[in-house]
Amino acid sequence: MSLHALMCRAPLRYSQLVRLTLLCSRHYEKPRFHARRNYSSNASNQKDPEIKYVRNIGIIAHVDAGKTTTTEQMLYNCGALKRAGNVDSGDTVTDFLPMERQRGITIQSAAITFKWPPKDRLPPNGQQYIINLIDTPGHVDFRFEVERCTPILDGAVCVIDGVEGVEAHTERVWASAQEFKVPRVIFVNKLDRDGASFKKSVQDIGLKLNGMPLVCQIPWWGKETLRGVVDVISRSVVSWAGTKDVPEELSKKILEGTIKDEVERARERLIEQLCEKDDDLLEMWTAHGKDLPDTAIKGSIRRVISDGEGSLIPVFAGSSLKNIGVAALLDGVNDYLPSPLDRPELEVRVGRTQQPLSQVLQLLGSSTNSQERIDALASVFKVVNDPRRGMLTFIRVYDGTLKKNTPMWNANLLQFERPLNMMQISGGQTIEIPHLCSGQIGAISGLKAARTGDTLLSLGTNKVPQSELATIQVRPPEIPPGVAFIVLDAYSPTGAKALEVALENLSREDPSLRWFKDEKTEQYTLSGMGTLHLEVARDRLENHYKAEAYWGAISVDYKECLTAPTPPHRAVFDKTVAGKSGKAACSVVIEPLDDHHRDTLSGSFLERDGNIIQVVFPREHLVSDIEATRQHLTNGVISALARGPRRNAPMHQCFVTVTYDPVTDAFGPAPSSHLIGAANKAVRDALKAAYQQGKVGILEPVMKVTIICPEVSAGAVQHDLHAVRGGHVLEVKDIQDTHAKEDGIIDASEIYAPPDPYEFQTTLRETQKGRLRMLEITARVPFVEMLDYDTLLRGKTQGRHTLTMELDTFEKVTGPREKAL
C-alpha cells in the first residue's frame, strides 16, 4: 500500500500515526526479514504430532503473590478438583508438604499436568491442550529450586500482587527467566483487595522489569469493586464475578459507556505497540487499518514474545481467590505461550564444549561405530521422596521417546539405572503412563542415584558407551556455596546409619544442601542457603525421614582462603586401600584465586564451590587414560578442599594446579583410589604448611539485603545497618516513584494503563486507606548480623516491613572480628 493511503487512515492518534508512518517507511526501504525462531531440528520426525498442543509453563512470583491459589483455581476450572484449595486453610494440592501448609509458602516445585479447555468449554472442532505446570517457590532461600526449574520451561506466568506491584524477588525471578530467554506473560492478581491498583501495577511492570506492558485485559470496576475482566482484543467480557465464566453467560454482558471507550483506546494502543515490533502486523495494518481480526493480533503477540527477550509483556488481570480472570489466563497460555516445537534448539555440553543437540546426533549417526545411538534424552529437574512411591524423579524429555522399564544411562554419575514406573503428577495424585515423548514432562520412580541436574540417556543397550556420548549433559547444575550450617549428632550408632541415609536422600532432592561427617567427633554438618532453608531441611529430616538427632543452632558458614601462594608440594600415596596396593604421586601449587587466573586459563579445568582446579600433564602422550586420570586427581583435590586447616571450614577462592608427570609420578598400574589419595595428601600438606606460616584467612558471606519499610522507620533502620551491623547502605528509593530509571529503556509517559476507578473521585483511595509512604533500602551486610534481624525489624517498623536477602560475595574477616572468631 502507498504511503498516501497510509496517511489517509485517520482513526489513530496523531503521534501513533506518525510513528507507524516512519515504521512503514523503514519497512519498505529495507529487505524483508520475518522473525522466525530457530526451531529445534533434532529428530523432529520422532516428535509426537500432538506436541504442538503441549504447554510446559511455570508460575513465578514474589512470595505471597498468589501463585499457589492461582494454580488451585486452574485445577478447579479444568475439572481436576471439585473444590479449589486455600493456602490459609492448608488444603492445596501443590503445597503438599506439611511445612508448606503450616507456613503458607511454596518450598518445593510441584509439577501438575491437566488439560485445557475442559470438554464442556471446547468449541466445535476445537483441540484440548496439555498443560504441564510448575508452581515454584517464591522465597529467596529456595532460589536454586527456581533456577533449576526455569530452563526446562517453554513459557512462564509471572503473578504479581495488585496492591504491592512488582516486588524485590519478582525482579529476581524475572531476571532468571530473562537469562534463559523464557517467554512470559504477567497476571496482576488480588485486584479485589482494598488498595489494589491495576494502573500502578502496569506502570511498575514497565519501569521495574524493563519491558513495555501489552495490556491484553482491563478490569471492569463497579464503584471500587472488581466486577469482571474485559478482553481488549475480542472486545468482550471474559470473566465475571460470581459466575463460572461459561461463554453463554458471559455473552450476555454488553460493553457500554466508559468501559467500551476504554477498551477501544486500549486496543488501539495494543496494535500500535505490536506494529513497532512486528512487520507482519504492520503490513496488515497498512492494508486494513485498525479493525484487524482477533487471530492476527493474537498471532502477532505470540511472535513478539517468542524470543524471550521480554521487550513486550502481555498483561492479564483478575483475582485468583475469587476465580476472576483465571480461565481467561489459561486461554492466554494456549494462545500466546510457545509449544516445545517453537523453542530454540537445545544446546548440550559434550566434554568441555557446548554444541547443538542436532549436531551431536548428526556426528553420532555419521560415526563408524553405528551401534551407539540415543533413543531418548532427558534432564532431571527435581527429585522428591514420596512417602508411598519412594524417590520420584521429575524429568523433561528433549529428544526421542522415553519408555518405562528401559535402562537409562546417567551421564553425570556414569552408571546405568532402571526405572520402575512412569507417571504424571497432580500434587498428591498420579496417572501412570507408558512413555514420554519429546517435549513432555513427567516423573519416574525406581532410580537409585539420580540427583537434581543429572542427564539421562536411553541408549537401546546395556553396554557402557565408550565415546563422548557417555558425557553428554543438559545444563549441569551450578550449585551456589552455602552461607549457613547446622551441626547434628545422632542418638546412637544405629540412628547414625539412618541419619546418613536421610541426609543423602535430602541432598539428592536438593543439591544446594550439603553434608559431611567429622570422623573425629562423629558429628554431621548440614549447610544450606539460609536460615529458612535449613529450618525446612530440619523439618523434612524429622517429620518425613523420621531421623533422630541432637540439633545445634544455625550458624554462619564461614570459609577459609589463602592469603599467599604455596610453594610446590609433592606427595606420594602408597597405602593399601580396600585390599588393593599401589603407588601414585603428584605435585600441587595453590594460589589465591584472582581475576587474572580466569583471563589466562587454557585447556581443561573445573570450577567448583568457588575454587578452580586445573590438572597439567607435562607428557600427555605417556598417560594411558588422560581423562580418567584427570578426574581422579580432581576428585582428590575436591575432597581435600572441603575442610580447611584453620576451622575445618571449606576452602574458597583457591586456584589449584595439579601436575602429574608419568615419568616421576607413575609407579606402574595403580587403582583410582591411589591417584585420589595422592592429590588429597598433596593439597592437605600444602594447606597445613600455609596455615603454619599464617597464610590462611577467614571469609564470611556478605548478603545483599533489601528492606522495604515505612518512611518514618527508614532512618533508624539505615543507622542500625551502618553503625551497628557493619553494613553499607547502597541505595534508598521511594517504591511509589513512577519516574523512569536513568539507565532504563522504558519511558513512563509511553506506558498505557487504564485508569483506576478512584481516579475519578475527589479523594484518592491511597488517602482514604491511609497508605504509608514506603522506602526500599538496599545494603550489603555480613550474614552473621542478619541471622535474627527480621525479629529486630518488627520492633523498629511495627511489623510493617519486608526483608529479602541473597548472597552477594564472600569477604575476608579482619581486625577484632577475626580475633573473636
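Residues numbered from 1 in each chain as written. Predicted model: local features only at pLDDT ≥ 70, side-chain atom pairs only at ≥ 80, totals over all residues. Heavy atoms only, no water.

Q: Sorry, what's going on with the overall build of the protein here?
A: Within the protein one finds 23 helices and 36 strands. Each of the 821 residues in the protein was classed as buried or not, and the buried ones make up 55%. For the protein, contacts bridging at least 24 residues in sequence account for 75% of all contacts bridging at least 6. For the protein, the accessible area works out to roughly 36,100 Å², and carbon and sulfur atoms hold 49% of it. (Helix = DSSP H or I, 4+ residues; strand = E, 2+ residues; numbered from the N terminus. Buried < 20%, exposed > 50% of the residue type's maximum accessible area, 1.4 Å probe, protein only. Contact = heavy atoms within 4.5 Å. Areas by Shrake-Rupley, 256 points an atom, 1.4 Å probe, with all protein chains shown as cover.)

Q: Sorry if this is basic, but what is going on with helix α10 (residues 279-288) here?
A: An α-helix turns once every 3.6 residues. As a result, residues three or four positions apart point the same way. Every buried residue belonging to α10 is among D279, L281, L282, W285 and T286, and all of these are buried. Within α10, the buried residues cover an arc of 160° as seen down the axis, which keeps them to one side. Near the N-terminus of α10, the side chain that reaches the backbone nitrogen of D280, with its oxygen 3.3 Å away, is that of D278. Once α10 finishes, G289 follows within two positions and takes phi at roughly 80°, a positive value. (Arc of directions from axis to C-beta. Polar contact = N/O pair within 3.5 Å; in protein donor to acceptor, adjacent residues only side chain to side chain.)

Q: Explain the pattern of salt bridges to me, please; I cannot follow it from the model alone.
A: A full pass over the atoms with the stated rule returns 34 salt bridges. We note a salt bridge from R235 to D291, for which the minimum N-O separation is 3.7 Å. In this pair, R235 is assigned in the loop between β8 (225-231) and β9 (236-240) and D291 in the loop between α10 and α11 (294-305), connecting sequence segments 56 residues apart. Among the residues examined, R235 registers a relative accessible area of 31% and is labelled partly exposed. Measuring nitrogen to oxygen at the nearest pair gives 3.0 Å for the salt bridge that ties E627 to R630. In this pair, E627 and R630 are both assigned in helix α17 (residues 626-641), three residues apart and thus about one turn of the helix distant. When salt bridges that share partners are traced, they join D161, K190 and R193 into one network. (Salt bridge = Lys/Arg side-chain N within 4 Å of Asp/Glu carboxyl O.)

Q: Sorry if this is basic, but what is going on with the side chain of R184 here?
A: Structurally, R184 is set in strand β5 (residues 184-189). Engagement of the side chain of R184 in a polar contact is seen with the side chain of Q178, the distance being 3.0 Å. A polar contact of 2.6 Å, which involves the side chain of R184, links it to the backbone oxygen of G308. Excluding residues within four positions of it along the chain, R184 makes contact with A156, W174, A177, Q178, I305, G308, E309, G310, P314 and L337.

Q: Help me understand unusual backbone geometry in this model?
A: Comment: phi is negative for the bulk of residues other than glycine, and the bulk of peptide bonds are trans. A cis amide bond, omega -5°, links W116 with the succeeding residue P117. Looking at where P117 falls in the secondary structure, it is placed in the loop between β2 (110-116) and β3 (129-135). In this structure, L414 is a non-glycine residue whose phi angle is positive, near 55°. Tracing the chain through its elements places L414 in the loop between β15 (408-410) and β16 (415-417). Residue class for L414 comes out partly exposed when judged on its relative accessible area of 49%. One non-glycine residue, D609, lies in the positive phi region at around 50°. Structurally, D609 can be placed in the loop between β30 (605-608) and β31 (611-616). Its relative accessible area of 30% is what places D609 among the partly exposed residues.

Q: Got a minute to help me understand the packing of aromatic side chains in this structure?
A: Evaluation of the coordinates by the stated rule reveals eight aromatic pairs. Ring geometry for W220 versus W240: centroids 5.2 Å apart, planes at 80°, classification edge-to-face. Placement of the pair is W220 in strand β7 (residues 217-222) and W240 in strand β9, with a sequence separation of 20 residues. Each member of the pair, W220 together with W240, is buried. Considering the side-chain rings of F381 and F394, the 6.1 Å spacing of their centres and the 50° angle between planes classify their relative orientation as tilted. Note that F381 is positioned in strand β13 (residues 376-386) and F394 in strand β14 (residues 390-403), a separation of 13 residues in sequence. The pair formed by F381 and F394 is uniform in burial state, with each residue classed as buried. Residue placement shows R184 over the ring face of W174; its charged tip is 4.5 Å from the ring centre. Of note, K583 hangs over the ring of F667, and the distance from its end group to the ring centre comes to 4.6 Å. (Phe/Tyr/Trp six-rings, centres within 6.5 Å; stacked < 30°, edge-to-face > 60°. Lys NZ or Arg CZ within 6 Å of the ring centre and 35° of its normal.)

Q: Whenever I open this one, the confidence of the model for the protein confuses me. Can you help?
A: When pLDDT drops low, the exact placement of atoms in the prediction is not to be read closely. Model confidence for the protein is summarised by a mean pLDDT of 82, while 84% of its residues fall at 70 or above. Note on residues 1-47: pLDDT is under 50 here. Beyond four places in sequence and across chains, it has 87 contacts. (pLDDT = per-residue confidence, 0-100.)

Q: What is the right way to read the pairing of strand β24 (residues 523-528) from this model?
A: If a strand is regular, its side chains alternate between the two faces of the sheet. Counting buried residues along β24, five of its six residues qualify, which places the element largely inside the surrounding structure. Bridge analysis of strand β22 (residues 484-490) against β24 gives five bridges, and the strand direction is antiparallel. Looking at the pairing, I486 lines up with L526 of β24. Relative to β24, strand β23 (residues 514-518) runs antiparallel, the two being bridged by five bridges. If you follow F516 over to β24, its bridge partner there is T525. The antiparallel hairpin formed by β23 and β24 contains four residues in its connecting segment, where E522 sits at a positive phi of about 60°. (Pairing = 2+ DSSP bridges.)

Q: What is the right way to read the side chain of K559 from this model?
A: In this fold, K559 is placed in strand β27 (residues 559-562). Judged by its relative accessible area of 5%, K559 falls in the buried class. Polar side-chain contacts of K559 include one of 3.3 Å to the side chain of D557. Those residues in contact with K559 that sit more than four places away from it in its chain are P481, G482, A649, P650, H652, G697, I698, L699 and F810.

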